[in-house]
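# Structure assessment
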Amino acid sequence: MKSQRDILVIDDEQVIDQAVVKICGSEGLSVDTSEDAAAALKLLERDQYRLILCDIMMPDLDGFGFLAALHRMQITTPVIMATGYSTVENAVKSLYCGAIDFMPKPFTADELLSVVHRGLAYGRLTEKGHSAGLAYVPCPSKYYRLGYTSWSAVEQEGSVLVGVSDLFLKTIEGIRSVELVSSDDEVVQGNSCAVFTSLNHLVHSVMCPISGRILEVNTAAASEPAAIEKDPYFQGWLYRIVPSELEYELQHLVPCSSDRV
Amino acid sequence: MFKKIGFKLTVAVGMTALVTISVFAYFNIRSDRRSLLAEMERHANQLSEVVKSSTEYDMLLNQRDRIHETIKRVGNRHDIKRIRVLNKSGEIIYSSDSTEIGKMVDKNAESCTKCHSADRPLERLEIKERMRIFQIHPDSSRMLGIINPIYNSRSCYESDCHVHSKDQLVLGVLDVTLPLSEVDKDIRRGQIEIIIFALSAILALSLIIGFFVTRWVDTPVKELLSATQHVAGGDLNYTIKEKREKLSDARMQLFQSDKLASLGRLAAGVAHEINNPLTGVLTYSSFLLKRTQDQPEIQEDLKVIVRETIRSREIVKSLLDFARQSVPKKSEADINEIANRALSVVESQLSLHHVKLVKTFSSDVPKVTVDANQLQQVFINLVVNASDAIGPEGGTITLSSTLLSLSPIGITQIKKAQCPKRHSLISADVRIDGKPSIRVKARSNGTEGFVYLDPMYGMKGHQHGISFDVKKGVQVMCPECSASLMVEHKPCPECSSPIFAFEVPSKGIVESCTRMECNWQHWEVVDASGQKEFVELKISDTGCGIAKDDLPKIFEPFYSTKGQKGNGLGLAVIWGIIDNHNGTIRVDSQVGAGTTFTIRIPVKP
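Residues numbered from 1 in each chain as written. Chains lettered and ligands numbered in written order. Predicted model: local features only at pLDDT ≥ 70, side-chain atom pairs only at ≥ 80, totals over all residues.

### Description of the overall build of chain B
- Across its full length, chain B carries 11 helices and 21 strands.
- Here chain B holds 605 residues, and the buried ones make up 26% of them.
- The contacts of chain B with a sequence gap of at least 6 include a subset with a gap of at least 24, amounting to 61%. (Helix = DSSP H or I, 4+ residues; strand = E, 2+ residues; numbered from the N terminus. Buried ≥ 20, exposed ≤ 12 C-beta atoms within 10 Å, placed from the backbone. Contact = placed C-beta atoms within 7 Å.)

### A short note on the overall build of chain A
- Secondary structure summary: chain A contains nine helices and 15 strands in total.
- Considering chain A as a whole, with its 261 residues, one finds that 46% of them fall into the buried category.
- A separation of at least 24 residues holds for 64% of the contacts in chain A among residues at least 6 apart in sequence.

### A closer look at the sheet that holds strand 11 (residues 192-198) of chain A
Residue and element names in this part refer to chain A.
- Strand order in the open sheet made by the three strands is 9-11-12, with antiparallel pairing throughout. One side of each edge strand has no neighbouring strand; the edge strands of this open sheet are strand 9 (175-180) and strand 12 (203-207). Taken pair by pair, the neighbouring strands of this sheet meet at an average axis angle of 25°, ignoring direction.
- Relative to strand 12, strand 11 runs antiparallel, the two being bridged by five bridges. Looking across to strand 12, one finds that Val 195 is bridged to Ser 205. (Pairing = 2+ DSSP bridges. Axes fitted to C-alpha atoms, helices over the stretch in contact; angles between N-to-C directions.)

### Quick look at the nonpolar core
- Counting 79 residues, the largest nonpolar core has Leu 53 and Ile 80 of chain A as the members making the most contacts within it.
- Those residues in contact with Ile 80 of chain A that sit more than four places away from it in its chain are Leu 51, Leu 53, Ala 99, Ile 100, Asp 101, Phe 102, Met 103, Val 115 and Gly 119 of chain A.
- Core analysis: the next-biggest nonpolar cluster, separate from the first, contains 33 residues, Ile 338, Val 370, Leu 571 and Ile 577 of chain B among them. (Core = buried A, V, L, I, M, F, W, Y, C linked by C-beta atoms within 7 Å.)

### What about the interface of chain B and chain A?
- Taken together, the contact pairs 22 residues of chain B with 21 residues of chain A.
- Of all the secondary structure elements, the ones that give two or more residues to the side of chain B that touches chain A are helix 6 (244-291) and helix 7 (296-324) of chain B.
- For the side of chain B that touches chain A, the element with the most residues is helix 6 of chain B, which contributes 14 residues.
- In terms of residue class, the side of chain B that touches chain A is built from 10 nonpolar, eight polar and four charged. (Nonpolar A, V, L, I, M, F, W, Y, C, P; charged D, E, K, R; others polar.)

### So, the confidence of the model for chain A
- In the predicted model, chain A carries a mean pLDDT of 87, and the fraction of residues at 70 or more is 95%.
- The weakest mean pLDDT in chain A belongs to helix 9 (residues 246-250) of chain A at 81; the strongest belongs to strand 2 (residues 31-34) of chain A at 94. (pLDDT = per-residue confidence, 0-100.)

### Overview of unusual backbone geometry
- The residue after Lys 105 of chain A, namely Pro 106 of chain A, is reached through a cis peptide bond having omega 0°.
- In the Ramachandran plot, His 354 of chain B falls in the positive-phi region, its phi being about 55° despite a non-glycine side chain.
- Looking at the secondary structure, you find His 354 of chain B in the loop between helix 8 (335-352) and strand 7 (355-361).
- Judged by local crowding, His 354 of chain B falls into the partly exposed class, with 13 C-beta atoms found within 10 Å.
- For Arg 422 of chain B, which is not a glycine, the phi torsion comes out positive at approximately 70°.

### Notes on the confidence of the model for chain B
Residue and element names in this part refer to chain B.
- Scored by pLDDT, chain B has a mean of 80; 86% of the residues are at 70 or more.
- Ignoring residues within four places in sequence, the model shows residues 564-568, a span with pLDDT below 50, making five contacts including any to other chains.
- Under the prediction, the complex receives an ipTM of 0.84, its pTM being 0.45.

### Topic: the environment of Gly 174 of chain A
All names here are of chain A.
- Mapping Gly 174 onto the fold places it in the loop between helix 6 (166-172) and strand 9.
- The sequence separation of Gly 174 and Phe 196 amounts to 22 residues, and the corresponding C-alpha distance is 9.6 Å.
- Setting aside residues up to four positions removed in sequence, Gly 174 forms contacts with Ser 198 and Leu 199.

### Description of helix 5 (residues 181-232) of chain B
- Between its first and last C-alpha atoms helix 5 of chain B spans 72 Å; for 52 residues at 1.5 Å apiece the expected length is 76 Å, and the two agree.
- In helix 5 of chain B, a bend of some 45° at Thr 214 of chain B exceeds every other bend along the element. (Expected span 1.5 Å × (residues − 1). Bend = angle between axes of the 7 residues up to and from the residue.)

### A short note on the packing of helix 1 (residues 5-60) of chain B against helix 2 (residues 64-75) of chain B
Residues and elements named next belong to chain B.
- Between helix 1 and helix 2, the shortest axis-to-axis distance is 9 Å and the interhelical angle comes to 165°. Taken together, the axes of helix 1 and helix 2 are roughly antiparallel relative to one another. The handedness of the crossing between helix 1 and helix 2 is right-handed. Along the contact surface, helix 1 presents Val 51, Ser 54, Thr 55, Asp 58 and Met 59, while helix 2 presents Arg 66, Ile 67, Thr 70, Ile 71 and Val 74.
- For the contact of helix 1 with helix 2, the residue count by class is five nonpolar, three polar and two charged. (Parallel < 35°, antiparallel > 145°, perpendicular 65-115°, else oblique. Left-handed = near helix turned anticlockwise from the far one by under 90°.)

Next comes the structure, spelled out in structure tokens:
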């Protein structure tokens, strides 16, 4: 019988491993660390984890290789990628490859706790889904999603609607406030485009699924977060964007239709 | 001169023309000469046949007087040299020259050699062989002789005179000689004409080629050469008329893409390397901050660490954003507070350099929507620059902030401009006061040139690459597609000259007067919005100042006067940040007296 642990951190920088151990440990979570992906795979054979935090840029087996190995071993533990800003594009690709979320480095203790909190909730929610029906509403089939966080839908005029997924809202467990960027601003795929503060005072950044210029902000939704929670895929959209590299960026998004097979 | 490409090209083309035209002239002269001679031969042959047949009847009747008379008359024509009839033994029986009659002709004489050169006289002669061209003396004109043998026939030996017997085959020869002097004159005239034509054609061709080579090859090459020498001599601002656009376009692109590519690589490398240690600092410090909430004295210091680490993170990110040409993260902030924070970072450095700080912050400055981290970076950079300019002797740096309400004239920058066909008119190569100008093409009185308009609405810094007088008519058009920008039936309200207009996408039309001396401009959308509020921040120093020549260049990337000390990115990044905030940055400087940077950020973006 595999022993149940909370978090496995894989990073070649020991100082980061130790920081995660301390911060998450202070919240009562059990954390194991590994300085390379191959050793982490061995740990996964021995123990069961609720969440994996993994660096993308590592010597020998990198984040992508690790994801592929998990897939081969049929390990469904949710994986959160950590990476520097220089490789946001890689991070977006890792979401396409099966990671559920990513955390840009450097991060603060609060940012780490928010991501971990969501990751653990994600594990619970998706597990429940298998046994007793879906605990969340999946995104409409014509939408594309970035990880499980945000969705984008191409409109007829060529503009793109952007919003957050129901699963993301369920993982943050109740919105206290929403902070949106202003109209005419540029947003970049994989970078933060909105900040949601949850009822438990955690601050959650929303990664933008598509790069472009913001044409319109759904101010009604921002002032009334309940509207977002009620209908996240239609009335609760956040931005209308003029995309700058739609064709290219859609390649790295997951079509929601694939969730329904 | 002989080494010049233009000269070489002209000589090469001239030589080719010389050879071709000479060959052509040679064959032309030869065929001319042949056809003229052939004509003459035909004429001579005809004449000899005519003489023969006109005397035939008299021969049969043996009327010698009549024959004499006929030959004499015909032979005395000016275009006939001589006609004579010889008998078989070579005696001249009839001749247009009566003194010859009865004389014997030497069988070796030119008229006889055709038949008598062989041992036995020939009895039949081909028509070609009956002709001969000869000269009596080497200096006399040429003659054409034709011998026409008179054959025996039944009527001859059966006639009553019984002069000829039946067994004779050839009775004699009719010898006609024509002067060739006229024909020769024609031939010579033809030759001279063709030679004159050939020479003038070669000359004209060389001149034309020479002209165009000079114009299209030589002059531009010369300009380029002198430009190269200027640039090599360090004058990087040297411009070449006409070609300036394309050249500097290419240079700028090369420069930009090269620099940006290496900068991008550098930034990505630095970001990755620095991210891990920064993560260590940030996670531990923020964790410590969480754990020590009951110890306010530690909290303050920890907050500084966390805040500055987050700022480092943003700097790393903005370095990447610079490479990616990305945009700031804006939120409401107090400019005074940002400036104070910036000063607290560099304060110790300033006191070390004996720099006195004077702050005159106005308290009524409203909050503005800005990226506080980026602006803080801007202020720190400017203050450090000011401190560097002051040097070891010490001096004063003054920071002041005020709220300004300005009319849009002179403070609104036209950042986008397009022609009716949507070609951008913005020219980054010609900058006016550091900002990309608006380039239009003007045609007047047959000449064409570019006009660079001051991008600041209502300002007068236009640069005219062409000088013209509106009274002689002027056309302003798009430099790319030549679509006219002129506005019909709407003269300038100040000087009644014609006006032109261009579109600022999504911000209406800007109209402008064509007269060089008139600075009238009208931008409906901006004029209608009325006064605009700005927060102005001035950073002045009492340092060494910036030379007048350097002022327009200081916001260019990689321009640095600090030598090894600076990397030249500072002011270009600052300019980019302020520009991204829709703000302006201006520099005023006097060598020896000091420099002032004035930043204006719109209160409502």
